[in-house]
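Here's the letter readout for the chains.
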Amino acid sequence: MTLRKTATLIPLLLCVACTVGPNYAPPAPPSTEAGYGAAADRAVLGDAAPADWWKAFGNPELDALVAKALSGNHSLAASRATLEKARQQVAAVAGRQLPQVDANARAEYERVNLAAFGLSSDSQFGAIPNPKFDLYTLGGGVSYDLDLFGGNRRALERAAAQAEAEERATEAAHLLIAGRVVDQVLAIAAFNDRLATERALIAEDERNVSLTQKRDRAGEGTQVEVLSAQGQLANDRADLPGLEQQLAEGRAMLAVLLGISPQELGETAFGLDAFVLPGNVPVALPSTLVHARPDIREAEARLHAAVAGVGVATANLYPDITLGATTSQSTSELDRMFSSKFNAFDIFAGVSAPIFHGGTLKAEKRGAEAEARAAAEQYRQVVTEAFGQVSGLLSALGNNARELTARQTAADVADHSLRLSRRSFEVGNSGVLQVLDSSRTSQHARLSLVDARARQFQNVARLYAATAGGWVPAETVAAR
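Report follows, based on the coordinates. (Residues numbered from 1 in each chain as written. Predicted model: local features only at pLDDT ≥ 70, side-chain atom pairs only at ≥ 80, totals over all residues. Heavy atoms only, no water.)

## Looking at the pairing of strand E5 (residues 132-145)
Right, so step 1: One ladder, built from twelve bridges, connects strand E2 (residues 100-111) with E5; its direction is antiparallel. If you follow Val 101 over to E5, its bridge partner there is Val 142.
Right, so step 2: Two strands pair when backbone bridges link them, and E5 and strand E7 (residues 320-331) are joined in this way by ten bridges, in the antiparallel orientation. From the neighbouring strand, Thr 137 faces E7, where its bridge partner is Ser 330. (Pairing = 2+ DSSP bridges. Helix = DSSP H or I, 4+ residues; strand = E, 2+ residues; numbered from the N terminus.)

Next comes the structure, spelled out in structure tokens:
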């Protein structure tokens, strides 16, 4: 009778079932005032850069190195494994919403202690031994959590949001590695150009030494001039080991990004002239950037997970109803295991409700609410940093262009001055110190020009990476 009354309440309970806790709402889009400031000449505001943005530099060797890093980098492999774990967690949480079915089987050999049940083993017929027998049991059960207040549904929502956050984090990791590879390759190209410039300057120094020695032998110069020229040559040669060490460190870092040893890297003899400086760099508008950058989307997914966590903590404050049934077959005769004579079953409805937990459940709810507020602020911080990064890089592009023009002019003037000084020295109109001063000025101007070109390339690459979309998993591409 009681069971029938309970059964009649189940449809009513299902009707009043609800999902407690706040429903997630995406953050508001950036205000119309949000922007990056003035855009550089090369920047074109509009759509985000493509995922394979590095191909804009027109270097197949760079494309191959990025592809190798995306497939071989160990950190990315770990990130993909973490993503798979999160996806499997979603499947695990989803499974808890379905009826849970279990089976059991047991085989026993027993000896019953009759005295334990108040039965004496002694009687008028003599001692009655405790019986021994085999017992076979086969059974199973099913249970189902009604989830009246949506705790399981919120848990699934949270797990799905956490999996999305891991996917966005994996996208961001791939974009980061690609950006670091491009940046490192451009740095190596700059080191190669600096070394070439230094070697050209050393050749000029050797020419100066030869001229001073020739003048000294001809009686037109002095030993001081020879020593000054030799000192400049020695100083410039001393710069080579430092640059070669920087190049070696750059190659080692690139090898780490590729997931290989430096010995496996091969030749990296390219200079900046091997790359094309893109004429136009597509830059996403602020309203588009928040939906394109994987780190922003990751922060938003973590905010979603935190809000769903509030629902989970809220549902824990309410009662929970579980329905279930069990059945079993028990017999000492194995060949009669499936006889209805040995069947037993149980149908039940259970209710559990928190009464007193020392404030734990309410504290967990308040903690979940605080976590959601923290996630919201973290999302705003990520968006703010993204806008600031893009704004800074746009400003850098304009400054790089002006600097490069000035550096090129300075290098041209210094080279012309060096040629005139050397010619004047050769005909005896000036001393070697003037030639050495002009040589140092030319050296500084040429190296500064190389550095300016490298910064321009690297800032273009960083702007691409700052506004590009992320890596898309292969299984996602296949499903489209």
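## Comments concerning unusual backbone geometry
Right, so step 1: Although it is not a glycine, Asp 147 adopts a positive phi angle of roughly 50°.
Right, so step 2: Here Asp 147 is to be found in the loop between E5 and helix H4 (151-217).
Right, so step 3: Judged by relative accessible area, which is 8%, Asp 147 ranks as buried. (Buried < 20%, exposed > 50% of the residue type's maximum accessible area, 1.4 Å probe, protein only.)

## Things to note about the pattern of salt bridges
Right, so step 1: Inspection of every chain in the model, using the stated rule, returns 22 salt bridges.
Right, so step 2: Arg 194 serves as the salt-bridge partner of Asp 451, at 2.9 Å between the closest nitrogen and oxygen. With Asp 451 in helix H9 (residues 432-467) and Arg 194 in helix H4, this pair connects stretches of sequence that are 257 residues apart.
Right, so step 3: Given the relative accessible area of 18%, Arg 194 is considered buried.
Right, so step 4: Among the ionic pairs, Arg 407 bridges to Glu 403, the shortest N-O distance being 3.5 Å. Here the residue Arg 407 and the residue Glu 403 both occupy positions in helix H8 (residues 360-426), the gap between them amounting to four residues, near one helical turn.
Right, so step 5: Using a relative accessible area of 31% as the deciding quantity, one classes Arg 407 as partly exposed. (Salt bridge = Lys/Arg side-chain N within 4 Å of Asp/Glu carboxyl O.)

## As for the layout of surface pockets
Right, so step 1: Considered as a void within the structure, the largest pocket measures approximately 360 Å³ in volume.
Right, so step 2: If you go around the largest pocket, you meet 17 residues; those closest to its centre are Leu 175, Leu 176, Gln 389, Ala 465 and Ala 466.
Right, so step 3: When contributions to the lining of the largest pocket are tallied by element, the ones reaching two or more residues are H4, helix H7 (294-315) and H9.
Right, so step 4: A breakdown of the residues in the lining of the largest pocket according to their chemical character gives ten nonpolar, two polar and five charged.
Right, so step 5: The volume enclosed by the second largest pocket comes to roughly 200 Å³.
Right, so step 6: In terms of lining residues, the second largest pocket is bounded by 14 residues, among which Asp 147, Gly 151, Ala 315, Asn 316 and Asp 320 are the most central.
Right, so step 7: Residue contributions to the lining of the second largest pocket peak at four residues, all from H4.
Right, so step 8: When the residues that make up the lining of the second largest pocket are grouped by side-chain class, the tally is seven nonpolar, three polar and four charged. (1 Å grid on protein atoms, 1.4 Å probe; cavity = no way out; pocket = protein on both sides within 12 Å on 5 of 7 lines; lining within 4 Å. Points joined across faces, edges and corners; volume = space filled by probe spheres on them. Nonpolar A, V, L, I, M, F, W, Y, C, P; charged D, E, K, R; others polar.)

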